[in-house]
Every structure is written in structure tokens, then in C-alpha cells.
Amino acid sequence: MGTIVGIDLGTTNSAVAHLTADGPQIISNALGERLTPSVVGIDPEGKLLVGREAKELLVLHPDRCTSLFKRYMGSDWTVQLAGRTYTPEQLSGLVLRALKEDAEAHLGTPIERAVITVPAYFNDNQRKATMNAGRIAGLQVERILNEPTAAAMAYGLHEQEEEKVLVVLDLGGGTFDVSVVELCSGVLEVRASSGENFLGGEDFTRSLAARVMTGVGLAFERTEVEAPHLVSRMIQQAELAKCQLSRQADATLRVPDREGHFHDDSQVITVTREQFESGTASLLARMELPIRRALGDTNLKPADIDEVILVGGATRMPMFIERVTQMFSKPPRCRLNPDEVVALGAAVQAGLVARDVNVEDLVVTDVAPFTLGIETTRKVGHEHRDGYFLPIINRNTTIPVSRCERVATLRANQREVSVKIYQGEGRRVADNLFLGQFEVQGIPPGPPGQELDIRFTYDLNGVLEIEATIVETQRKVTHVVTRYARGLSAGQIAEAVAKMEDLKRHPREEAVNRFLIRRAERIYRELALDERHLLNELIGGFEQVLEEGPADAVERYRLELQMFLDRFDPGAADDSAWNDDQG
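My aim in this report is to walk through the structure given alongside it, one point at a time. Along each chain, residue indices are assigned from 1 in the same order as the chain's sequence is written. Where local features are concerned, this predicted model is filtered to residues with pLDDT of at least 70; where side-chain atom pairs are given and counted, the filter is 80 or more; whole-chain, interface and lining totals use all residues. The side-chain numbers reported here are obtained from all heavy atoms of the structure, hydrogens and water having been left aside.

1. Digging into helix α2 (residues 88-107)
Inference 1: Segments assigned H or I by DSSP are reported as helices when at least four residues long, segments assigned E as strands when at least two residues long, and all are numbered from the N terminus. In this analysis, the expected span of each helix is defined as 1.5 Å times one less than the number of residues it contains. For α2, spanning 20 residues, the distance from its first C-alpha to its last is 28 Å, which sits close to the expected 28 Å at 1.5 Å a residue.
Inference 2: The positive-phi residue at the C-terminal boundary of α2 is Gly108, with phi of around 70°.

Right, here's the structure in full:
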């Protein structure tokens, strides 16, 4: 199948890596640099430029270059370069192609497969756009991987024997992501993810540039339109000053003329770290909500976190480190290069996809970053109102997963319903992302309240299957959302759907579970009151985990309940064991 690489497609910089016997390694580009700026330009001679050359051109010819296009993935945003229109997917595809060519030159072999990372909070449209960018670059995208998950994998590969709960904070050039990760005996479990797609280091840079320009009587937004060369140069100056302020108490910026040029008499502005931190305090405060959301979804407090890991170049800002230290009452870690760790983790995932022996002991689970559900109607007063969102798979549910909700018809003799599928966290579907719809026909005539089971099954490859079952007749209608499937052929999608049958087998349907509950209910009648109370708690917990819990939790509860019952009914346990042996 050929070599597979891991790619961090970043807002400001991108990187490519591959897995070796010594661990994941970054591949340098043609200039010998480990990071490639995510910038695309066309020079005055019409030559297409990507990376460092395009970034240099951006300073003096901003009209011929573009950056930050990752922020618009999955939208209808376009940009004109030298008379040609480009979409975010096309621009990202050009960056990916450059990384692909660098990897081919380094490894001496064609590269056709890749794992590409995205912000954890990218929705399905944005992930689909990333898939399309990979195809444009000539890559088969084997997996779309969340950036903080990738970072945790890079750390987890080096610390497989440790047991700890980590929080990964990823402040890159354009996005901020949070993931809560549990590492135990080579198993890396992502328990929750959250984030914000429009908060990153570039926002701090532009805020600094805007404040300096305001101080000399220039309005940032208006000047960006009227004198783009001036603003482009000021952003470059602000980026350098921001980096300097991470190491020293003050930095200087020179104000260019309207064409972006400096002169001997160009005004020089000194900015202190205190001024920079004061001017960007509101940006820093925006990181707290995603952190609280991720911790809340896992029922963890800051004190429960063993380590905080920083990812992304913007995490080097002293005020960021200070705020994180205050929130978690411990200093964060940054043992691996924060600019490279996501690409390193992507290379680890690429090794898992390729079944590389160097990562055969590492197991990784991920979560659904958004809630998936359907539109429903509610009775409000004397009328029914549609447009409400019924969650079926909640955000931060470990995937692969299968969940079912029961709904019912509204009208007498209603013979069909339309199942509309959405993704998001809004109470109303108007606030969420529409994924598709299908019709369920052949509902038996009768009074309102004819029941249907709506089951969502979601796998690691991004295949979402929705199955509607008419309860009375057990007639099933299946709809598969494949337009976001990550690099799968039609045959692979069919195989993925077939494997979902194992996920959909409800634990309650297993004979051993049915037998255990019947046995527990029989023994319950025979126990003293205090023992009866304890057994009631065990049965209730077992029934609850049968409805909601993962397979390992079902097994734990089953064993606990069985051990309790064996104390009072050892003969039945012996018979059960004998029957198992004979089977």
C-alpha cells in the first residue's frame, strides 16, 4: 500500500512526519526547515509560491498572497489571486502537495496516503473540506485526526507505562482546542474535547498591530482596505514583537509608510509586555470556557488532572502559561516541541493505520466532538411546534458507538415520517448543522403515538448510519451518511456498515445478561432487607450500564453482580460454569 505519512495542516504553519524505529520524525522541506508556512502566493511573473517564499512575498505584495485560509474550510469563502479564484480547499491542497513532495524527496518513494490533523472542534463540513484538500494534493486521506489527540499520542508513545489523566491545550495560529485524555497501560482514551475555531496566535498578533496603529492615528480595518501593504508590514512587525515579548520585557515596532516601506525617519513604537497582556486580556479569557466545558463533560475538577500539556507556538506566551498554572494549580509541560508535536502524533496514527510494529502496543480511542441527533416536534400549550433537536449521540461519547431513541407519530393514521439529521449543540435545529434526511413509510394506521426506534451508529472512519425501525412491524429503513467518510471507497464503506451490526447488538439482547437479571430478581425475594437493598442497587446499576455503558463497563458490572449472587446461590453458578464449558 506504500508509505503513509502524518500531516499537521496548520493555520499558520504546517508540518509532515513519518514513523521510524526510533519514533516519529519531522521531515524538513526543500529549504531545510521543519515548518512550512501555510501561505500561498503568485509572484509578478505568474509563478505559484507555497510556504516561506509566499510568506516573504506576502509582506510586500499582500494582494498576491493569502494566508489563514484554514479558518474558512467548509465555507463558501474565496479569494482572488492574479485574476483566479481559489477556495480554502484548493489553497490547503497546494500546501499539502508541497508537504507531499517534501516527503517524497526525503524518503525517496511516492507518497499516496496520509493522516491529516484538524482542530477537535471542526464540524463535518470542515472535515469534509480537509478531505477534499487531501484529494486535490493527490493523497488518500486514511484518517482525519483531532489535533490535541495527535499531541497526546506523541506523548503517549513515550510514556506507555504511566497512568495519568492529561489535559492537552492546543493554541495554534488560528484555533484553540482542549482535550481530556486518560493514559493507562498503553491505552490512550480521549474522554472529552472542546475548543474554539476563531481563537489563535494570529488574533493576538493582529490585536497588537491594531493597538499600535490606533496609537499613531490609523484605524486597522479601514487601513487594511486602503493601504494593505502598510497593514501587512505592521502584522509582520507585531508577530516579531509578540515573540520578543515572550522572552523580554519590551519590544519595538517600526511604522511603515502606506506602501509598506521603512525609512530612516520611520516612527518607532515601544510596547511593554504589560501593555501587550493588558490589550489582549479579553482574548486570553476566551480560552476558559472550552476548558470548563471539557472538564465538565468528564466530571473532573482541575485538581483531578495529573498533567497539562501545551501544544502550538502561541502557548509560549508567558501570560498563557501563567493563566494555565493558576487554573490547574500546577505548571504545564512542554517536553516536546509545541510546534511539531501534532505532526509527530499524526505520524504515530499513520503507523497504527499501517499496523507498524513500532506502535503495536498502543491503543487509541477518540470521541465524537459534536452531538448528533434528529429534529422533533414538541407540544407547547395546545399546538405542536417543530424545529427542536433530539440528541441521540451526545458530544464526547467514545466512538465507535451505537445509540437508540424512541419517538412516536403525532397524528392519527400517520403513515410516514421524515427523519432529519443534524449535528451541533443547539436546542433548536436552526442553530445546528443539517446532515441529511430520509423518509420512513409504511407505518400502520392507528391513533397518534405509533412508535419508531431511531438508532445512530458512528464509527472511527466517519461513517454515520441512521436506522429507523417501526416498532409494531419491525420494518427497518436505513440511511448512511457517507459524504464525510474519511478516504473510504464504496467497498470500504459497505464493509464499515457491515461491521456496525456488532455495535448495534444491544447488551440486553444477550442471553447471559437476560439470565443474570432473572437470577438476581429471584434471589432478591429471598434476601434479608439490608442485603436486598444492596442487590437492588447492583441490579439498577447493571440495567443502567446495559442501556448506556460501553462493553468494558457492562463486563465489570456483570462480574460484580455475579459475584454477589454466587454468595447466596453457589449451585446455580456451578451449573452455569458447567454449561459454559459444554458449550
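2. Overview of the pairing of strand β12 (residues 164-171)
Inference 1: Working definition: with a 1.4 Å probe on protein chains only, accessible area under 20% of the residue-type maximum means buried, over 50% means exposed, and in between means partly exposed. Taken across its eight residues, β12 has eight buried, putting it largely inside the fold.
Inference 2: Between any two strands, pairing holds if DSSP finds at least two bridges. Of the strand pairs in this sheet, β12 and strand β13 (residues 176-184) are connected by eight bridges, and their pairing is antiparallel. Its bridge partner being in β13, Leu169 is matched across the sheet by Val178.
Inference 3: In this structure, β12 lies alongside strand β17 (residues 307-311), joined through five bridges in parallel fashion. Opposite Val168, over in β17, you have Ile309 as the bridge partner.

3. Overview of the packing of helix α1 (residues 52-60) against helix α7 (residues 228-245)
Inference 1: Axis definition: a line fit to C-alpha positions, over the contact stretch in the case of helices; interaxial angles, taken between N-to-C directions, run 0 to 180 degrees. Orientation of α1 relative to α7, taken along the N-to-C sense of each, is 125°, at an axis distance of 7 Å. The pairing of α1 with α7 is recorded here as oblique in orientation. Note on element contacts: α7 touches α1 through His229, Ser232, Arg233 and Gln236, opposite Leu58, Val59 and Leu60. For classification, angles of less than 35 degrees are called roughly parallel, those exceeding 145 degrees roughly antiparallel, those between 65 and 115 degrees roughly perpendicular, and all remaining angles oblique. Contacts were defined at the residue level, with two residues in contact if any of their heavy atoms lie within 4.5 Å.

4. Here we look at the side chain of Thr376
Inference 1: With respect to the secondary-structure elements, Thr376 resides in strand β19 (residues 372-380).
Inference 2: Ignoring any residue separated from it by four or fewer positions in sequence, one finds Thr376 in contact with Arg385, Asp386, Gly387, Tyr388 and Leu390.

5. Here's the deal with the packing of aromatic side chains
Inference 1: Centres within 6.5 Å are what make two rings of Phe, Tyr or Trp a pair, Trp counting through its six-membered ring; a difference in plane orientation under 30 degrees is then read as stacked, over 60 as edge-to-face, and the rest as tilted. Taken as a whole and judged by the stated rule, the model has three aromatic pairs.
Inference 2: Between the aromatic rings of Phe176 and Phe320, the centroid separation amounts to 6.4 Å while the plane-to-plane angle is 80°, which identifies the pairing as edge-to-face. Of this pair, Phe176 sits in strand β13 while Phe320 is found in helix α11 (residues 318-328), placing the two residues 144 residues apart along the sequence. With respect to class, Phe176 is no different from Phe320; both count as buried.

6. Observations regarding the pattern of salt bridges
Inference 1: Salt bridge criterion: a side-chain nitrogen from Lys or Arg within 4 Å of a carboxyl oxygen from Asp or Glu. One pass over the full model with this rule turns up 23 salt bridges.
Inference 2: Here Arg286 and Glu196 are joined by a salt bridge, their closest N and O atoms 2.3 Å apart. Taken together, the positions of Arg286 in the loop between α9 (281-285) and α10 (288-297) and Glu196 in strand β14 (residues 187-196) put the pair 90 residues apart, joining distant regions of the chain.
Inference 3: For Arg286, a relative accessible area of 31% corresponds to the partly exposed category.

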